[in-house]
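# Close look at the chain arrangement
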Amino acid sequence: RGAGQPTADLAGRHVVISAGGTREPLDPVRFLGNRSSGKQGYALARTAVARGARVTLVAANSELPDPAGADVVRVGTAVQMREAVLAAAADADAVVMAAAVADFRPAQYAEGKIKKRDGREPEPVALVRNPDILAEISADRARPGQVVVGFAAETDEVLANGRAKLARKGCDLLVVNEVGERKTFGSEENEAVVLGADGSETAVPHGPKESLADIVWDLVAPRLF
Ligand code: CTP
Ligand code: CA
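Residues numbered from 1 in each chain as written. Chains lettered and ligands numbered in written order. Predicted model: local features only at pLDDT ≥ 70, side-chain atom pairs only at ≥ 80, totals over all residues. Heavy atoms only, no water.

### Some remarks on the overall build of the protein
Each helix and strand counted, the protein has five helices and twelve strands in total. Here the C-alpha atoms of the protein give a radius of gyration of 18 Å, agreeing with the 17 Å that 2.2 N^0.38 yields for 225 residues. Counting only residues that meet the buried cut, the protein has 43% of its 225 residues in that class. A sequence separation of at least 24 residues applies to 63% of the contacts in the protein between residues at least 6 apart. For the protein, the computed accessible surface area is about 11,800 Å², with 51% contributed by carbon and sulfur atoms. In the protein, the 28 positive side-chain charges and the 31 negative ones have mean positions that sit 3 Å from each other. (Helix = DSSP H or I, 4+ residues; strand = E, 2+ residues; numbered from the N terminus. Rg over C-alpha atoms; globule rule 2.2 N^0.38 Å. Buried < 20%, exposed > 50% of the residue type's maximum accessible area, 1.4 Å probe, protein only. Contact = heavy atoms within 4.5 Å. Areas by Shrake-Rupley, 256 points an atom, 1.4 Å probe, with all protein chains shown as cover. Lys, Arg positive; Asp, Glu negative; His and termini not counted. Charge placed at Lys NZ, Arg CZ, Asp CG, Glu CD.)

Here it is as structure tokens:
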């Protein structure tokens, strides 16, 4: 496939992509969040549209413009993202979890703004686990042969941690990004390796997030049922 020659290898397919980062509210004005910009998920959505797919983009707190031709479902929290992804995945050929889902949320939501009290130390914030959407989608495939892709950001032992995570999640492909200062978060470019449950390993050279997105679809397309 040469540049500027789009293939329609995803024509007739429905793909679901999650993007952005969830925000877990503490009170009406505060949340626990992360630095995900949503750029990689949006690039996946744009490239999938270009390759002919029907695209549902489940977007958490991203300020990016809606990709033309995609159905965009906006969510805030991990629990909302789980609902939206599971609903869209019911008839999906592939699900790609590019979102940064908060692992924990505050155990309590304060209906009113939390206030300082004179001379008193703040209360500790208790956290509870959020559902693992990728693991759940992988374990309960909504249709046979549905292809499930995860993303992982690792700072150390990138390949070993990636392999272990792929096995733990039960997905078909795991895109492992090496992160550190100035790498990945908010940047235009990405460097990654895509691990397959079949043992495959595809190195993705440093380049735009659009290129990584196309490589993901190159790996998904032949795995589609
Ligand atoms: N993910 C998810 N639901 C969660 C947490 C993560 O679906 N509650 C998905 C992410 O969208 C991503 C993949 O799982 O595709 C890996 O996320 P990551 O944070 O790297 O994995 P964790 O299992 O949360 O491991 P860690 O303790 O390293 O954060
Ligand atoms: Ca995590």
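### What about the coordination of the calcium ion (ligand 2)?
Within the protein, the atoms that donate to the calcium ion (ligand 2) are Asp103 (OD) and Asp103 (OD), at distances of 2.5 Å. Tracing the backbone shows Asp103 in the loop between strand E6 (94-97) and strand E7 (104-106). (Donors = N, O, S within 2.8 Å, 3.2 Å for Na, K, Ca; no water.)

### Structural notes on the side chain of Glu24
For Glu24, the position within the fold is in strand E2 (residues 24-27). A distance of 3.0 Å separates the side chain of Glu24 from the backbone nitrogen of Ala78, its partner in a polar contact. Dropping the residues within four chain positions of it, Glu24 is found in contact with Arg30, Phe31, Leu32, Thr77, Ala78, Ala102, Phe104, Arg105, Pro106 and Asn130. (Polar contact = N/O pair within 3.5 Å; in protein donor to acceptor, adjacent residues only side chain to side chain.)

### Here's the deal with the site of ligand 1
Neighbouring ligand 1 are 13 residues, the closest being Met97, Ala99, Pro131, Leu134 and Lys165. For ligand 1, an oxygen atom lies 2.8 Å from a polar atom in the side chain of Lys169. Bound to the protein, ligand 1 loses 76% of the 580 Å² it would expose on its own. Taken together, the elements giving at least two residues each to the shell around ligand 1 come down to helix H3 (133-139), strand E9 (147-154) and helix H4 (158-169). Broken down by class, the residue content of the shell around ligand 1 amounts to eight nonpolar, one polar and four charged. (Near = heavy atom within 4 Å. Nonpolar A, V, L, I, M, F, W, Y, C, P; charged D, E, K, R; others polar.)

### Re the UniProt feature "binding site: CTP" (unreviewed entry) in the protein
Those residues carrying the UniProt feature "binding site: CTP" (unreviewed entry) are Asp103, Lys113, Pro131, Asp132, Ile133, Leu134, Phe151, Lys165 and Lys169 in this numbering. Considering the C-alpha atoms alone, the annotated residues occupy 67 residues of sequence and remain spread out, their largest mutual distance being 37.7 Å. Locating Ile133 in the fold gives a position in helix H3. Ile133 sits in the buried class, given a relative accessible area of 3%. (UniProt positions renumbered as here; feature names shortened; annotations may be inferred.)

### A closer look at the confidence of the model for the protein
Summary statistics for the protein give a mean pLDDT of 93 and a share of 92% for residues scoring 70 or more. At the level of chain-chain contacts, confidence expressed as ipTM amounts to 0.99, with global pTM at 0.94. (pLDDT = per-residue confidence, 0-100.)

### As for unusual backbone geometry
Although it is not a glycine, Asn61 adopts a positive phi angle of roughly 55°. Take Asn61: it is sitting in the loop between strand E4 (54-60) and strand E5 (71-75). With a relative accessible area of 26%, Asn61 lands in the partly exposed category. Residue Glu157 is not a glycine yet carries a positive backbone phi of 45°. Here Glu157 lies in the loop between E9 and H4. Residue Glu157 is classed as exposed on the basis of its relative accessible area of 60%.

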